Amino acid sequence: MTDTADRLGEEFAASPDLARGLADFEARHRLPKDVPRVLYLGRGQPGTRWFRDPRTGAWTLMDIYAENVPEALASWCRAHGWRLTVFTEGAPHAYEGDRLSYEARYPGVAEEILASEVNPFFPSRGTVSAAFEDHYRQLVLDPGFRDAFSYDGVPLFETLRDQVPLLARLAAGYVFGRGRWMEVLRALKPAIVVGGRLDTRGDLNSAAHALGVMTVGVKLGISEEMLTPFAIADADGRFLSDAFPDALAVWGESQRDLIRRRFPDCTAELIVSGRTRNDTFVAVAGAEEAGARLRDFLGIAAQTRIIVYGANHQTKYGQGATAEFGAVCMSPESYRRGLEELDRLAAGRGDAVVVVKPHPADDVAFIRSAVESAGSPRLRLLVDDDGFHNAELLAQSDVFVSSVSSMFAEAVLADCPAINLWTPDVNYLYESHRRDIYGTIATTVEDWDALAAETTRLLDDPAYRRSQLAQTRAALEPIFGGFDGRNAERLVAGVFALYESRSRGG
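I will try to describe carefully the structure that is included in this document. (Residues numbered from 1 in each chain as written. Predicted model: local features only at pLDDT ≥ 70, side-chain atom pairs only at ≥ 80, totals over all residues. Heavy atoms only, no water.)

1. Structural notes on the sheet that holds strand β9 (residues 214-218)
Note the threshold: In this analysis, strands are considered paired if DSSP registers two or more bridges between them. A run of H or I in DSSP counts as a helix once it spans at least four residues, and a run of E counts as a strand once it spans at least two, with each numbered from the N terminus. Here the axes come from fitting lines to C-alpha atoms, over the contacting stretch only for helices, and the angles between their N-to-C directions go from 0 to 180 degrees. Only heavy atoms enter the contact rule, under which two residues are in contact if any of them lie within 4.5 Å.
Read across the open sheet, the 7 strands follow the order β5-β4-β1-β8-β9-β10-β11; overall the sheet is parallel. Of all the strands in the sheet, just β5 (110-114) and β11 (269-272) have a single pairing partner and so form its edges. Each strand axis lies, on average, 25 degrees off the axis of its neighbour in the sheet, ignoring direction. Bridging between strand β4 (residues 83-89) and β5 involves 5 bridges; their strand directions are parallel. When the bridges of β5 are listed, V86 appears paired with E112. Across the sheet, helix α20 (residues 487-503) is in contact with β1 (37-43), β8 (192-196), β9, β10 (247-250) and β11; its angle to β9 comes to roughly 160 degrees.

2. Structural notes on the sheet that holds strand β13 (residues 352-356)
Pairing in this open sheet of 6 strands is parallel, and the strands run β14-β13-β12-β15-β16-β17 from one edge to the other. The open sheet is flanked by β14 (379-381) and β17 (443-445), the only strands paired with a single partner. Taking the axes of each pair of neighbouring strands and ignoring which way they run, one obtains an average angle of 25 degrees across the sheet. Bridge count between β13 and β14: 3 bridges; the pairing is parallel.

3. Here we look at the environment of P120
Mapped onto the elements, P120 comes out in the loop between β5 and α5 (126-139). Along the primary structure P120 and G21 are separated by 99 residues, whereas in three dimensions their C-alpha atoms are 8.8 Å apart.

4. Some words on the nonpolar core
Our working rule: Only buried residues count toward a nonpolar core. Its members are Ala, Val, Leu, Ile, Met, Phe, Trp, Tyr and Cys residues joined through side-chain atoms within 4.5 Å. Only protein chains enter the area calculation, which uses a 1.4 Å probe; residues under 20% of their type maximum are buried, those over 50% are exposed, and those in between are partly exposed.
Y309, F400, V401 and I441 are the most contacted members of the largest nonpolar core, which has 68 residues in total. Residue contacts for I441: discarding those within four places in its chain leaves F408, A409, V412, A418, T472, A475, L476, I479 and F480. Grouped together as the second largest cluster of nonpolar side chains are 36 residues, L18, A172, A207 and V213 included.

5. Remarks on the environment of D351
Among the secondary structure elements, D351 is positioned in the loop between α12 (332-349) and β13. Taking the relative accessible area as the measure of exposure, D351 reaches 28% and is therefore partly exposed. Remark: the alpha-carbon pair of D351 and E477, spanning 126 residues in sequence, is separated by 34 Å. If we skip the residues at most four places from it in the chain, D351 touches T304, R305 and A346.

6. Examining the pattern of salt bridges
Put simply, the test is: Any Lys or Arg side-chain nitrogen located within 4 Å of an Asp or Glu carboxyl oxygen qualifies as a salt bridge.
The full count for this structure, using the stated rule, is 32 salt bridges. As a salt-bridge pair, K357 and D384 come within 2.8 Å of each other at their nearest N and O atoms. Residue K357 is found in the loop between β13 and α13 (364-374), and its partner D384 is found in the loop between β14 and α14 (390-394); the two are separated by 27 residues along the sequence. Note on K357: relative accessible area 4%, which makes it buried. Close ionic contact of R457 with D461 constitutes a salt bridge, the shortest N to O distance being 3.8 Å. Connected via shared salt-bridge partners are R49, K357, D384 and D385.

7. With respect to the packing of aromatic side chains
Worth spelling out the cut-off: To pair, rings of Phe, Tyr and Trp, with the six-membered ring standing in for Trp, must have centres within 6.5 Å; the planes then decide the type, stacked if under 30 degrees apart, edge-to-face if over 60, and tilted in the middle.
Inspection of the entire model under this criterion finds 18 aromatic pairs. Their ring planes at 5 degrees and their centres at 3.7 Å tell us that W76 and F496 sit as a pair that is stacked. Here W76, found in helix α3 (residues 69-80), pairs with F496, found in helix α20; they are 420 residues apart in sequence, far enough to count as distant. Residue classification places W76 among the buried residues on the basis of a relative accessible area of 15%. On the basis of relative accessible area, F496 is assigned to the buried category, the value being 1%. Pairing W251 with F480 gives two aromatic rings, centres 5.2 Å apart and planes at 20 degrees, and the pair type is stacked. On the criterion of sequence distance, the pair formed by W251 in the loop between β10 and α9 (253-262) and F480 in helix α19 (residues 462-480) is long-range, its members being 229 residues apart. Comparing W251 with F480, the two get one shared label, buried. Members of the aromatic cluster, joined through ring pairs, are W76, W82, F496 and Y499.

Shape descriptors only; they carry no functional weight alone.
This is how it looks when you write it as structure tokens:
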């Protein structure tokens, strides 16, 4: 595909309209020769959301894949004479009132470019897509191609028939994307590109490497299911470093060790920086004003205990070609049963409510219907669009219940002990390694009676509660990194240290 992308790049270069557009684009964003550029790949709406810091009242844009990284990059650039360019793909954000742009917050240091500024220069990807669709129609008739979809002698092609057509679109997207990124990077001439989950952006990495630009990704997740991008290989089965970032910032030492053990041929530098999202939780957890505002919004009295139900119903993992959602994490029956058990517990106590907090990528419509159909005065639904950060909720909460969730760490940081609900349907989706990892920062329960018993004990036994929090806090650092609010700073320091080492030939 790289050869095909190179040919497409030659076609791009031969287009006079594209050449004129790119020349104007390059001139608008040209920097002085002595000012190097770092390019941050931002996500537009809805991937990035506005968040108000309850301590300062200032608004900032939060990308859950790289929280606080643009700010850390801007601070480093200001101190060292670099320029930060935020290149945003997706719908632009509205800057108004005290919702300030990066350029306004970091004058003379940061600039912003929308992908829509350069996208119209390029020809339609329709021609590329059509060529790959035609190629796919021929391939699918080839027995050798069909046999490639097998594992340990078991043929899988028929079971994957609804997903295999995606290959044509993925290939076309890669080829077009690499050609486009070649031109964008040639025009902007960054020294480094940084972004969340760049381990999934083979088109950008390949283009950057061809031009000698260093790429750095911020890695998501800690367990086996998050390691798929590391299986990237060339036709001879060797690790395909050309399409992989030069460096990945991982959460903690255990994630680094897992990657090295599972993929010893991986050429990426692994920077142990800590989970950048922790910085936000350290900053805002416990803000009294934010807590009062949240309780007022939910109609919860100051003395009322809060049990958070954050279990997942649907997940994008295993999503089919035509499906809105992928594999079921908890069946509708299990999800409703967990909700009913916690509601029953709260009713029996008389001093508690259950706040249902779904993952934003979950089937929120189903979860909303589950809460509404229960018809209980003790249930509250809180979704991302309500405008509260998870830290604000957890800082007010007494117990957090979910299934193999990274929010366990966020709960423990907020002095809210966590319960890992390991029902059979969750068991079937996730590998036991993931349960074992998260089981060190939460108490695992495997049936409804155990859920009720553990929740009650955490609410009523202060000594037990303290001991659980102490144990889980001790287990956090190897998995998630530091909790001093400086993970994004460490990430950025590691990025530039690596760049300087490579520049010196180290």
